[in-house]
Each structure stands twice: as C-alpha cells, then as structure tokens.
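# Structural characterization, general
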Amino acid sequence: MAALYTIPAGKDFAGSLARGLLARFESARDPLALASVTIFLPTQRATRVLGDSFARLLNGAALLPQIRGLGTDDDEEFLFDPGTDGIDLPPAIDPVRRRLLLASLVRRWAQQQRAVSPGLARAAAMALPLSRFLDEVKTQQVDLAKLRDLAPEGLAGHWAEVCDFLLFLREQWPLILAAENALDTADRRDRLLRDTAQRYRATRPSTPVLAAGTTGSIPATAELLGVIAALPAGGIVLPALDRELDDESWNALEPGHPQFGMKQLLEQLGARRPDVQDWEELSTAPAARLLFLREALRPAPTTDAWCEIAKSRREALSDGLAGVAIVEAEHPGEEALAIALMLREAAESREKTAALVTPDRGLARRVAAELRRWDIAIDDSAGVPLAHTPPAVFLSLLAEAAAESFAPLPLLALLKHPFATNGEAPGEFRRRARQLDRMVLRGPRPNPGLGGIHKAVENARADKRDSKTAPMLSEIGDWFSTLGTTLQPFADAMGASSVSLAKLVELHCKTAEELANTAQVKGKHRLWRGHEGEAAAELMEALARAGEDFPDIEPAAYPLLLRQFANERAVRPAFGRHPRLAILGPWEARLQHFDIIILGGLNEGTWPQSTAADPWLSRPMRARLGLESPERSIGLAAHDFATLAAAKDVRLTRALKSDGVPTVASRWLQRLQQLAKGLGEQDRLLKAPPYAGYAKSYSAPDQEPKPVSPPAPRPPVPERPRELSVTQIEKWLRDPYAIYARYILKLKPLDPLDAEVGPMDRGRIMHEVLERFVRETELGWPANAEARLIAMAEEAFARYAIPQVALALWRPRFIRAARWFVAEERRRRAEISRSWLEIEGQIEIAGPAGPFVLKGRADRIDRLHEGGAAVVDYKTGKPPSDPQVAKFAPQLPLEGAILEQGGFGDIGSLPAAQLVYIRFSGGAIAGETHIVKGDAGERVTAALAGLTRRIAQFDLPDTPYTSRIAPYRADMPGDYDHLARVREWSLSGWAEE
C-alpha cells in the first residue's frame, strides 16, 4: 500500500474509499482482514457515511474496519476511547463550566484594574470569543508569553491593556484547569492526537492504518498524518488534491486558494504532488469540470494564462459548464423557495438524492420551513437552536417574568405558553390567563411582584363590586392565589441580591415542572420529553453542575445567561427526516455524495464568510505570535466549494438583495462567471429551469391586486345606535366607522399593557380635583385656597399611585395652573349665582326611525347673574377653535341644547348664554378661559339642527358608516383603523380620489 493517495473532486469520496478498501482486501482469504484496518476520518458524520457506504457495497453483515473521528474545530466530540488506546487524560472541561469560569476571570481582571466590572451575563458573552481564542492558541501551539516581546512601546493603549489581560489569562487559566482536573477541549484533542501519533511511532503496527478526507488544518492532525504515512501499512487519502495545476500557479498559491491547505500538508509530510497516486485505478472524475474549476479559481498572479488556455482548450472548458447552473433570486425568501422547489422536484423522483449545502443558517431554516408546506421534513445537520424550541422558550419566559417582577407583558407571555397549566386543563388555564389580561392587567403597570398582581385583582374587584363581572373577578383572584403559590419560591430567589446558581437552577426547574403540570400529566414528564426536552434538561443539568461551587450570582443575569447557552446549543431530531434530502454545512458535505448539489448563499460575507477583526490581537501581532492569518479560513472554505462544485449536477444560488441592500456575489461565483464570459458561454450558466421565476410565480397572487376601497358597512337601521353621548357626536362626524365598530359590532378597545400614565389620566385627576375644590369653596374661600387645591391634587396623585417620574413633570405644572385657577375662579364667582358640577342629562330628538337619545355629562353649568347659564368644559390640552366647534366639535352647543330643553333634571330649562372652555394647563400658558365667540343661542340651535339632519341621514338604509371622513389629524391613528384597513386603502390612492 503506497503512502499517499487522493480521490478527486466530483467523486463519491466515501463510496470510493470503501470500494478501494474492498478491492485491496477482496483477494485476502482472511475474513478478518478488513476488520484489522483502522481508518481515521475528519468527523463523526463522516464515519457514519463511510459505514453506510460499506453496508451498501457488502449487501449484508460483515466485520467493518475500525472507523474513528479525528475531530475538527466544528466537531468537539471524538471517537477516541482513551482507555482502550492506553491514553490516560483528564476529561474535557464542560463547556458551560468553562464559560462561567472565564467570565469570572474577566470580572476579576476588571476589579483588579479598578474598572467597572461587567455583569455576569455580559462577562459570559465576552467569554465566548475568549474561549475561541484560547482554542486557537492551543491548536496552533502558540505561547502567549511572546506577548511581552511585541514592542509594547509601539502599541496603542488599548492593545497594551489587551496584552496585559491575555498574560493574566495565561497565568490564571492553567491554575483553574488544574483545580478542575480538566483540560480545554482543543488541548485534550491535540493531546489525544499527539499521544496516538507517539504510540504509532513506538509500536509501528503492521496492520493497515489509513487517514482519509482530512486537510490537516490542525497541526496535531498533520503530525499524526505524517506518522501514519510513514507506517509499514499506513496511508493517507487526500480529498481533492489538484495534481494538474501548473507548477507556477502551485508555487504562487495564497492562503485563500482552495489548494493552499493541500500544499501546506504535503510540505509538512515532506512529499510532492507526483508522490500522490489515485486511490482507485479507474477514475471517472469529471475531467472537464475539474479543468474549468481549476482555471476559474487559479491564483490571481497567473490568470494571464486564461487567454492561451481559452484558445488551446476551449472545447474542454466549455464542456465543464455542463451540469452547472446559476440561480439568482431577488431576495433571500425567494432564494429559499427556489431551493425548496429544487429539493421537492428531487424528492418526487424515487431515485435521486439532493442536498442544500450552505453555511448560512438563516437560509437553511427558511428552506426547511418552505419544505414543510409540502409535508417534507428535511435533515438539517446544524439542527435548530435550543432557544427556539418550546421547552427552552418556556424556561426562558419563566426566568424573564421572575426577573422583571412579573410585569404584565412577561407574565402574560409565560401564562399563555402551551406548557403553562399549573395542574389544570390547558384550555381552562388559558381562559383564566385571558381573563386576567383583559380585566386586570390592562392600563398602567401594577406594583412589582406577585403581590402587586394580587393587589391589582383586588382593586379591580372593588371597582366592579356592583357589576356582573364581580363574581368572575373573585374567581380570578382565587385562581391567581393558587398560581402565586407555585411561582413564589422562584420569585423569592430571583428577588434576592445574590443567589447560588445551582440553587437557582433547582428552583427554576421545580417551578417550571409544577407550572407545566396538567390534570393528566406531570410537568416533568411534559417538559423534558422528546429530543427537545432532553436537550433542555441537559442544559439545565450542565448549569446546575457548573454552579455547584461557583460564587453567588446576581439573579438579574440569570435569564440572559440561560438565553445565551440555549442559543448556542443545537437540537437535532434523530428520526422522521426525509431519507434522500439533506441540508449540510460545507465541511461535512464534501465527503458525501448526492445526485444534486445546491450551493446556497453564494454572496460575499456569507460564503465565504467575512474575516472579522480579531477582538484580541491585531494582524501584525497575530503574525508575530505565529497565529495563522484570517484568510486561512477562506482557503478552507474555497476547498469545500471547489470540491462540491465538481458534482455532476450542481446549482449555485444567491440573492441579489438582502434586507433591501444589494449584495455582492461570492468571489468564486464571480470567477466562474468571468471565465464563462471569456469563453462566450455565460448564457449556459443560466439555462437551467428558471427556479427563481417559479418561486416568484408560486408566491404571486392569481390575479392582479386591486386597490381596496374604504369600508362602507350598511347595517340594518334597527341595529344602528339610538343613543349617543355628546362626546361621541364628534366621533360620529369625523369617523362614522368607529361608531359602527363600537356600538354595532360591540368592539371595545383594550387599554394597552404597561400603559404610560398620560394625558387621559392627568385629565381625569384634574376634573376630579377641580370638582372637589369648587364644591368645597362654593360657600366660602379657605384661608389659603391655592395650598388647599394643591393638597387635593397630592391626595389624588397618591390615591391613583401616579409614578414619581410622571409627578416630576405634573407637580410644577399643576402648581402654576392652580395659582391661575384660584385667581380666575375668584373673578368668575362675582358673575355666578350658582354652579352645578358633573351633572348628567339627556334629551330625545325625533328621527325617521324613532326617537334618538342624546346624553351628556357637563363638567360644570354656571347660572349667571345677568341671566342664562354658562356651559363649561375643563381642558388640560388645547380646546377646539371656534370653527371646529361649529363644524366638528359640537359638545358644548349640544350640552347647551340639553340645558335649554330642561334635560339636566333639577336645573330646569335655562338658555345658554356662554359656551366656555377653561384650560388648566400649567405650561407656558398656565391657564386660560375661552368663551366661544358669537351668539351662544344660535350655536346651540345650529348644532341641534345639524345633529337632527345627521340622525335622519343615518336612518336611511343606504347611508354607510365610512372611515375617517375628517380625522382630527392624519397622523393620529384611531382605535379601529386596523379593522377599517386604513393603511391599505389610503396607500392605494383612495384618499386622493
């Protein structure tokens, strides 16, 4: 067995490897010969793929070779068994424990530097790139002690601080690992590889040892490959080594070229390309495609050779375009649907296999979602982030609700999650949660904690004690008391200043299990079942183990910490996926074979990914330390691309725009297009079926969209309201649809959750305080009227629990307004013989369909000494102008009509002599009294006549309740605009028509 082999790109690597081994041992009479072979592959998935290839070729039971995974930067688990290999190493440190320990180091460093120490969640986020940097340092065997020699006087202050921190880390981290009796994952992997290499050097086994499919990008792996190549029966099978590239180009390779890694590995092995043989004697590699890819991706310094090659080998290069298609979509959603259509087409064939290969996880998730519309479940090798699964979402919602003292939004998000049942039937629990939402939590935020919610329930019950909803509120109170018993232990722990992480996780899990209980199934059986529940349970167990002897943490950091770890863990279902379709990452796809390969997301920054700046070291510092340049990762990605693009049927896809911004095609795709253009064959790359067009038409409507017209409901006249308040008449004039929705459809707007205390609350308090002050002073003025009015306001502020943030603005404004009001009230009292406050009244107006009742609640009616009465309305904002009163704001004139017809009860019939707005502002204008100009009696008569005409108009069956006839402001949305679809018809041009 010769030492060095290669399997060219475009061939089934695993199948070729299995066939070659079977061919080498088919003549051996020993049935155990194949079982004596040891094969090292890059990843665990590769080992499974090779096992499947042997199974297909052997068609039955057989003793297979020992297949082991070397492990890569993306694959932290290994198939090494230290016990059987005679290697005794400490275990790898748990990733969760490692992050927490690194976070504690970050915080300790900040404290030593007397800087602001980051919170635990922030420190854990900083620890993630730090852990990757440590892995890189270990992998490339760099000693951070060299940082002292990096000319510190030439560094900026920031880099000097970074160097100091990394030196601190170099001293402290090994001590922590020793105390943990553990190793970094990368360090342990390298030790396993080097110990295995040392064992092979010492024993020099005569049984075959083969390493296949690895590029040797990890130095320890390259060392092991060198040892295996030198064994009596050792061999290396290189993936897609290009032996045809001319020597000038080979010598000019840069880190970003697909063959740069192969060149480095051969140099480390002390070999040259002529030393490498074909693994299989009869090669069926697509020579034309390999030629085209070789030339398209040739090093930039030698691209001048294109002209000569295009002349001498034009036909062969053109043949290389057969089976290659480029699909360019308008946006990522269209790209995903186009790919899903390709995969569906392959699935409908009983023979074909197909795979989407992309590093873009967003694109992968989109494609998987698109395929679900056809009930196709596809295997995504990267899985789904644990944070997106129901158990992890439920756990996170519980932690966040407790951290935010059960504020309405996070509390309702928790209670409306499907897992939340607290021992009840799910439907019944959800019904109670909705009642709590509608009847208690709407409006300003209650006091913090579960006690605040209890108090809010009691307040709502007290307010509604005489209404039909009182029994329901009583039931809600009892229901929430039971719920509070479940939540209180975890709430107490989250409310502490510091707490043990292990204890917090224990209480969190116990509370989640109890909250997830149903009448039929206990929560621990619901919450942790299935692959998603198992993954969530493993994370919580890891957090609990990591926190056993960890210093107490601040509870506020716990939800963020949990989200971080859940986002970084993937959940991969074991069964139920499509047998012939897959979504793979590039590094694991290159050793597999599919009939159709779709390379998706071919845009710069996605594939290849952009080389982000190292947060720890500058490029010159990395180079002087001996770390590889960031472009090295681009070269590895280029090798994956070139290997996959050599498939017989390959589709290259990209989106022309992302988030509305034009994208730049991948550098490799640009090279392919440039060479094809030089050959005059650029059209051939676009001759595949127009999948992007299919996607566009698939999602397009069946017919041209027509502009929607404003709604014009015409309910039967008997269903139309026969009574309205004077304040609703203005709404009827400006937006009849709002009257339709409120009084015919019976849709009442809900107050928002966590509503800010705003102008409506201020107006309500102001009306209450002024009414009380006027009543109290009607028979005489107190010694200090201003102080008394201000004291009344303070009592109201306390009663309504107005937040201090709002009072900081309200108090000074109220004080200024109070001074003005007292002076103005003293002046007006000389003109008034008697006042009536907050008085209700109504009159009937004849209409074609019967009497119409007009109701009103006047803020104040003052009988004047000169005769008649002043109808007064208090305003905290700007009152309507006189033209608005005449046309759209008839509240005061209509109240005057009720007064003139004796509709205010004991007041009797009085003519309206004045229509008065009293503005109680406290701003630049402390207050003002505005008397509507013109004859009040004429305004009253005109308003009543206008209302009578409107009643008659809407008593006609054909009169519609149209939307937003004359809105007060075009940019001020109404309560029912979403039902009226105002944005749709206003944007479609109806507003202009």
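Structure's up top.
Residues numbered from 1 in each chain as written. Predicted model: local features only at pLDDT ≥ 70, side-chain atom pairs only at ≥ 80, totals over all residues. Heavy atoms only, no water.

## What to know about the overall build of the chain
As a reminder of what qualifies: To qualify as a helix, a DSSP run of H or I must reach at least 4 residues; to qualify as a strand, a run of E must reach at least 2; elements of each kind are numbered from the N terminus. For this measure, only C-alpha atoms enter the radius of gyration; the expected value for a globule follows 2.2 Å times N^0.38, where N is the number of residues. Under the scheme applied here, a residue whose accessible area is under 20% of the maximum for its type counts as buried, over 50% as exposed, and between as partly exposed, the area being computed with a 1.4 Å probe on protein chains only. The contact criterion used is simple: two residues touch if any of their non-hydrogen atoms lie within 4.5 Å.
The number of helices and strands found in the chain is 38 helices and 22 strands. Relative to the globule expectation of 30 Å for 993 residues, the C-alpha radius of gyration of the chain, 39 Å, shows a markedly less compact shape. Projecting the C-alpha coordinates of the chain onto the three principal axes gives extents of approximately 125 × 65 × 65 Å. Taken across its 993 residues, the chain has 52% of its residues classed as buried. Within the chain, contacts between residues at least 6 apart in sequence are counted, and of these 77% link residues at least 24 apart.

## Considering the nonpolar core
To keep it simple, the criterion reads: Only buried residues count toward a nonpolar core, which is a set of Ala, Val, Leu, Ile, Met, Phe, Trp, Tyr and Cys residues joined through side-chain atoms within 4.5 Å.
If you look at the biggest cluster of nonpolar residues, it comprises 103 residues, and the most contacted ones within it are Leu166, Trp173, Phe394, Leu436, Met540, Tyr558 and Leu617. If near-sequence neighbours (up to four positions away) are discounted, Leu617 is found in contact with Phe133, Leu147, Trp159, Leu166, Arg622, Leu625 and Leu627. Ranked by size, the runner-up nonpolar core spans 48 residues in total, among them Ile861, Leu947, Tyr976 and Trp985.

## Looking at the pairing of strand S20 (residues 869-875)
Quick reminder of the rule: Pairing between two strands is assigned when DSSP locates at least 2 bridges connecting them.
Burial analysis of S20 places 6 of its 7 residues in the buried class, the great majority of the element. Alignment of strand S19 (residues 852-864) against S20, held across 4 bridges, turns out to be antiparallel. Within S20, the residue paired with Asp862 across the bridge is Ala870. What sits between S19 and S20 in their antiparallel hairpin is a turn of 4 residues, with Gly867 showing a positive phi close to 110 degrees. Note: S20 against strand S21 (residues 912-920), 7 bridges, orientation parallel. In the sheet register, Val872 faces S21, and the bridge partner there is Val916.

## Some points on the packing of helix H18 (residues 449-463) against helix H19 (residues 470-494)
Quick reminder of the rule: Angles shown run from 0 to 180 degrees and are taken between the N-to-C directions of axes, each axis being a line fitted to C-alpha atoms and, for helices, limited to the stretch in contact. Any angle that falls under 35 degrees is termed roughly parallel, while one over 145 is termed roughly antiparallel, one within 65 to 115 roughly perpendicular, and all others oblique. In the scheme used here, Gly and all other residues not listed as nonpolar or charged are polar, with Ala, Val, Leu, Ile, Met, Phe, Trp, Tyr, Cys and Pro taken as nonpolar and Asp, Glu, Lys and Arg as charged.
Two numbers describe how H18 lies on H19: the axes approach to 9 Å, and their chain directions differ by 175 degrees. Between H18 and H19, the interaxial angle falls into the category roughly antiparallel. Between H18 and H19, the contacting residues are Leu450, Ile453, His454, Val457, Ala460 and Arg461 on the first element and Leu473, Ser474, Gly477, Phe480, Ser481, Gly484, Leu487, Gln488 and Ala491 on the second. Classifying every residue of the contact of H18 with H19 by side-chain character gives 8 nonpolar, 6 polar and 1 charged.

## Describing unusual backbone geometry
The step from Trp607 to Pro608 runs through a cis peptide bond, and the omega angle for that step is 5 degrees. Tracing the chain through its elements places Pro608 in the loop between strand S13 (596-599) and helix H25 (619-625). In this structure, Gln141 takes a positive phi of about 55 degrees despite not being glycine. By the element assignment, Gln141 lies in the loop between helix H4 (120-139) and helix H5 (157-180). One non-glycine residue, Asn422, lies in positive phi territory at about 50 degrees. Mapping Asn422 onto the fold places it in the loop between helix H16 (408-415) and helix H17 (426-441).

Scope: geometric values only; no functional claims are made or implied.
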